[in-house]
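Summary of the model geometry
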Amino acid sequence: MPESKGDVTAGAKLFKQRCQLCHTCKKGEAHKVGPNLHGLFGRKTGQAKGYSYTEANISKAVVWNEDTLFEYLLNPKKYIPGTKMVFAGFKKPQDRHDVIAFLKEETA
């Protein structure tokens, strides 16, 4: 996958509509149903401090980057069988690119 083709503004809108109910992004914000995503890029699955992950997330041991997130966000339960994430995924590639572009800025 080439460098992100995502639109940060469109990604922010998608995040607000489909992700924000369960996730926060800024350093120091609390975990919700899902973990806080601050520092996501370069972190292994199941490693956000203070969040209770399933063994499936912890043992997957994938490092989050644009490529792994692009695949994960298509179908989280297929990528990590046993995850507690209930979100079905973003089927449109552009939606995934947009959300990833937003996350790169918002979680740094």
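Residues numbered from 1 in each chain as written. Predicted model: local features only at pLDDT ≥ 70, side-chain atom pairs only at ≥ 80, totals over all residues. Heavy atoms only, no water.

With that settled, consider the overall build of the protein. Along the protein, the regular secondary structure elements total five helices and zero strands. Mapped from its N terminus to its C terminus, the protein presents α and β elements in the order α-α-α-α-α. For the protein, the C-alpha radius of gyration of 13 Å lies close to 13 Å, the compact-globule estimate for 108 residues. Counting only C-alpha atoms and orienting by the principal axes, one finds that the protein spans roughly 30 × 30 × 25 Å. (Helix = DSSP H or I, 4+ residues; strand = E, 2+ residues; numbered from the N terminus. Rg over C-alpha atoms; globule rule 2.2 N^0.38 Å.)

Take the UniProt feature "domain: Cytochrome c" (unreviewed entry) in the protein next. Mapped onto this numbering, the UniProt entry gives "domain: Cytochrome c" (unreviewed entry) at residues 6–107. With 41% helix and 0% strand, residues 6–107 has its two end C-alpha atoms placed 15 Å apart. (UniProt positions renumbered as here; feature names shortened; annotations may be inferred.)

This part takes up the pattern of salt bridges. Applying the stated rule across the entire model yields two salt bridges. For the salt bridge of glutamate 106 with lysine 26, the shortest nitrogen-to-oxygen distance reads 3.3 Å. Of this pair, glutamate 106 sits in helix α5 (residues 93–106) while lysine 26 sits in the loop between α1 (8–18) and α2 (55–60); the two residues are 80 residues apart in sequence, bridging distant segments of the chain. The class of glutamate 106 is partly exposed, set by a relative accessible area of 23%. By relative accessible area, lysine 26 is classed as partly exposed at 40%. The salt bridge involving lysine 104 is made with glutamate 66; its shortest N-O contact spans 2.6 Å. Residue lysine 104 is located in helix α5, and its partner glutamate 66 is located in helix α3 (residues 66–72); the two are separated by 38 residues in the primary sequence. The exposure class of lysine 104 is partly exposed, given its relative accessible area of 34%. (Salt bridge = Lys/Arg side-chain N within 4 Å of Asp/Glu carboxyl O. Buried < 20%, exposed > 50% of the residue type's maximum accessible area, 1.4 Å probe, protein only.)

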